[in-house]
Amino acid sequence: MTAPASLLAPGLGRRLASLFYEAFLAFAIAMGTAFVFSVLTQMRHALQGRLVLAVVIALVLGAYFTWSWSKGRTLPMQAWRMRITDARGRPVTLGRAWLRYLLCSVWILPPMALFAQQRVADWKPVAATLLAWVLFWAVLSRLHPQRQFWHDAWAGTRLVDAPRTGHGAAPQ
């Protein structure tokens, strides 16, 4: 079954560009969250409360992403002219957005789990493994009949092209 033209996935290059922009934004949000957490808890050492901090960062990022997705897009998605819908092209509910957020962990958890129990002094193998995994996972979208990322297929969501805004085009 083919999707209507309005529900076609943006090109892989655009989706990856948006993903990397998203990573920079998520890093900034995580650093801001860590700063506020460290001030509020009067953190004196970087390892103090790191598990709680990781959970707080994950929840703050989850709130950012799910709220943005329920509105149709994040800032990087807007910049790269794409939006998120459910499988039928309708707006994403908060519940489905949270499910997508949890399933998006497939982008980083496998390589991070590989290094989690090891004491790796050099960051280069971790970064190389993470980058290789992200590229591998992205290319797997070519196996999906509608070229969607697999976490979107599992969550019942899809990334679609968003029309240009400005110069007579109606915003969405």
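Residues numbered from 1 in each chain as written. Predicted model: local features only at pLDDT ≥ 70, side-chain atom pairs only at ≥ 80, totals over all residues. Heavy atoms only, no water.

Draft legend 1. A nonpolar patch on the surface, seen in detail. A grouping of Leu 51, Val 55, Leu 59, Leu 94 and Trp 98 is seen on the molecular surface, where their side chains present a nonpolar patch of about 500 Å² in accessible area. Of all the secondary structure elements, the ones that give two or more residues to the nonpolar patch are helix 2 (50-70) and helix 4 (94-103). It is helix 2 that contributes the most residues to the nonpolar patch, three residues altogether. Mapping Leu 51 onto the fold places it in helix 2. (Patch = residues over 30% accessible without salt bridge, like charges linked within 9 Å, V, L, I, M, F, W, Y side chains within 5 Å. Areas by Shrake-Rupley, 256 points an atom, 1.4 Å probe, with all protein chains shown as cover. Salt bridge = Lys/Arg side-chain N within 4 Å of Asp/Glu carboxyl O. Helix = DSSP H or I, 4+ residues; strand = E, 2+ residues; numbered from the N terminus.)

Draft legend 2. How the structure looks around the pairing of strand 1 (residues 82-86). Judged by how many residues are buried, strand 1 sits mostly within the fold: five of five residues are covered. Across five bridges, the pairing between strand 1 and strand 2 (residues 157-161) is antiparallel. In the strand pairing of strand 2, Arg 83 is matched with Val 160. (Buried < 20%, exposed > 50% of the residue type's maximum accessible area, 1.4 Å probe, protein only. Pairing = 2+ DSSP bridges.)

Draft legend 3. Broad picture of the side chain of Ser 141. Take Ser 141: it is sitting in the loop between helix 6 (124-139) and helix 7 (150-155). In this structure, Ser 141 is in contact with Leu 12, Arg 15, Arg 147, Gln 148, Phe 149 and Trp 150, ignoring residues within four places of it in sequence. (Contact = heavy atoms within 4.5 Å.)

Draft legend 4. Expanded view of the side chain of Gln 148. The residue Gln 148 is located in the loop between helix 6 and helix 7 in this model. Looking at Gln 148, its side chain comes within polar contact range of the main-chain nitrogen of Leu 159, at 2.9 Å. Those residues in contact with Gln 148, other than ones at most four positions away along the chain, are Leu 7, Ala 9, Arg 15, Ser 141, Arg 158 and Leu 159. (Polar contact = N/O pair within 3.5 Å; in protein donor to acceptor, adjacent residues only side chain to side chain.)

Draft legend 5. Local environment of the layout of surface pockets. The computed volume of the largest pocket comes to approximately 2,000 Å³. Around the largest pocket sit 41 residues that line it, and Ala 26, Leu 61, Ile 108, Met 112 and Leu 130 are the ones nearest its centre. Elements with a contribution of two residues or more to the lining of the largest pocket: helix 1 (12-40), helix 2, helix 4, helix 5 (109-116) and helix 6. The element best represented in the lining of the largest pocket is helix 1, accounting for eleven residues. Looking at the lining of the largest pocket, its residues break down into 34 nonpolar, three polar and four charged. (1 Å grid on protein atoms, 1.4 Å probe; cavity = no way out; pocket = protein on both sides within 12 Å on 5 of 7 lines; lining within 4 Å. Points joined across faces, edges and corners; volume = space filled by probe spheres on them. Nonpolar A, V, L, I, M, F, W, Y, C, P; charged D, E, K, R; others polar.)

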